[in-house]
Amino acid sequence: MRKSDKNKDAESQILDAAKNIFQKKGMDGARMQEIADEAGINKALLHYYFRSKKLLFEAVFTNAFSLLAPQLNKILNDDSSIEEKVKNFTFNQISFIIKHPYLPNFIIQELNRNPEFFDTIKEHPSFPSLEKFKTQVQKEIQQGILKPIDGEQLFIHIVSLNLFPFIANPLLKGFLQKDDAQYKQLIENRKTEVSEFIIRSIKN
């Protein structure tokens, strides 16, 4: 095996291990030694590939985003109706975050701590474009399908309703008096609840 192939395999192994630890403990709770142990390597080798936990977390996020972004971009720019877009976007985004529950809080933390990081994310070739979505919203309003609503505001509504239960997990569990299993089921139900709520509010 070539050295470059070995490097790629080692990096992939580290990223998988880091994702597992971040999912269990979040960025603040995770330790580089734990990640090294999970990857089956020593800490010195881990630092050879990633000099800090922050850089490793950014790499895990970028890797996850590169999987999610094409899905969401495809939904926003296909030829389906706004109703179908809302359903598919919500289902895909919530399903993805269930598998990567550390992502919403990481985004909030990094936006405050390191906004420049997201300048690089916006350059991703599959970064979701809203232009067709916004144009289609206006078209369906003119056709009498939708009530008057700004396309950008609609997109914010969708993303906010999808993400907030993950960001406010402990708070909502307390308010709703749910244990982990009950809250997990509630999140699962939101794959359809969110889209049905939005569609009822925007359709004529």
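Residues numbered from 1 in each chain as written. Predicted model: local features only at pLDDT ≥ 70, side-chain atom pairs only at ≥ 80, totals over all residues. Heavy atoms only, no water.

Visitor: Help me understand the packing of helix H4 (residues 53-77) against helix H6 (residues 103-113), please; the structure alone is not making it clear to me.
Guide: The N-to-C vectors of H4 and H6 enclose an angle of 120°; their axes lie 11 Å apart at closest approach. The angle between H4 and H6 falls in the class oblique. For the element pair H4 and H6, the recorded crossing hand is left-handed. Mapping the contact onto sequence places Lys54, Phe57, Glu58, Phe61 and Ala64 in H4 and Leu103, Phe106, Ile107 and Glu110 in H6. When the residues that make up the contact of H4 with H6 are grouped by side-chain class, the tally is 6 nonpolar, no polar and 3 charged. (Axes fitted to C-alpha atoms, helices over the stretch in contact; angles between N-to-C directions. Helix = DSSP H or I, 4+ residues; strand = E, 2+ residues; numbered from the N terminus. Parallel < 35°, antiparallel > 145°, perpendicular 65-115°, else oblique. Left-handed = near helix turned anticlockwise from the far one by under 90°. Contact = heavy atoms within 4.5 Å. Nonpolar A, V, L, I, M, F, W, Y, C, P; charged D, E, K, R; others polar.)

Visitor: Would you mind going over the domain arrangement of the protein chain with me for this structure?
Guide: When the parts of a complex come together, some accessible area is lost, and that lost area is often taken as the interface size. Domain assignment breaks the protein chain into domain 1 (1-51) and domain 2 (54-202). Distance between the C-alpha centres of domain 1 and domain 2: 28 Å. With 14 residues of domain 1 at the contact, the number on the domain 2 side is 13 residues. For the pair domain 1 and domain 2, the two sides together bury roughly 1100 Å², of which 79% comes from carbon and sulfur. Three residues stand out in domain 1 for area buried against domain 2, namely Phe22, Gln23 and Met27, and they jointly supply 49% of the buried area on that side. Applying the counting rule to domain 1 against domain 2 returns 0 salt bridges. Summed over the shared surface of domain 1 and domain 2, the number is 0 residue pairs in polar contact (both at pLDDT 80 or more). For the side of domain 1 that touches domain 2, the secondary-structure elements that each account for two or more residues are helix H1 (3-29) and helix H2 (32-39). Per-element tally for the side of domain 1 that touches domain 2: the top contributor is H1, with 9 residues. (Domains from an automatic or database assignment. Buried area = accessible area lost by both parts, 1.4 Å probe. Salt bridge = Lys/Arg side-chain N within 4 Å of Asp/Glu carboxyl O. Polar contact = N/O pair within 3.5 Å; in protein donor to acceptor, adjacent residues only side chain to side chain.)

Visitor: When you look at the nonpolar core in this model, what are you seeing that I'm missing?
Guide: If you look at soluble globular proteins, the nonpolar side chains tend to sit buried side by side. Ranked by size, the top nonpolar core spans 59 residues in total, and within it Phe22 and Leu56 carry the most contacts. A total of 12 residues in this core trace back to one element, the largest contributor, which is H4. Residue-level mapping places this core at the junction of two domains, with at least three residues from each of domain 1 (1-51) and domain 2 (54-202). (Core = buried A, V, L, I, M, F, W, Y, C linked by side-chain atoms within 4.5 Å. Buried < 20%, exposed > 50% of the residue type's maximum accessible area, 1.4 Å probe, protein only.)

Visitor: How do you make sense of the side chain of Gln93 when you look at a structure like this?
Guide: Relative to the helices and strands, Gln93 resides in helix H5 (residues 82-99). The class of Gln93 is buried, set by a relative accessible area of 7%. Leave out the neighbours within four places in its chain, and Gln93 touches Leu72, Val159, Asn162 and Leu163.

Visitor: Is there a simple way to think about the pattern of salt bridges in this case?
Guide: Pairing is possible between side chains of opposite charge, provided their charged atoms come close. Applying the stated rule across the entire model yields 12 salt bridges. A network of salt bridges, in which partner residues are shared, links Glu83, Glu84, Lys87 and Lys203.

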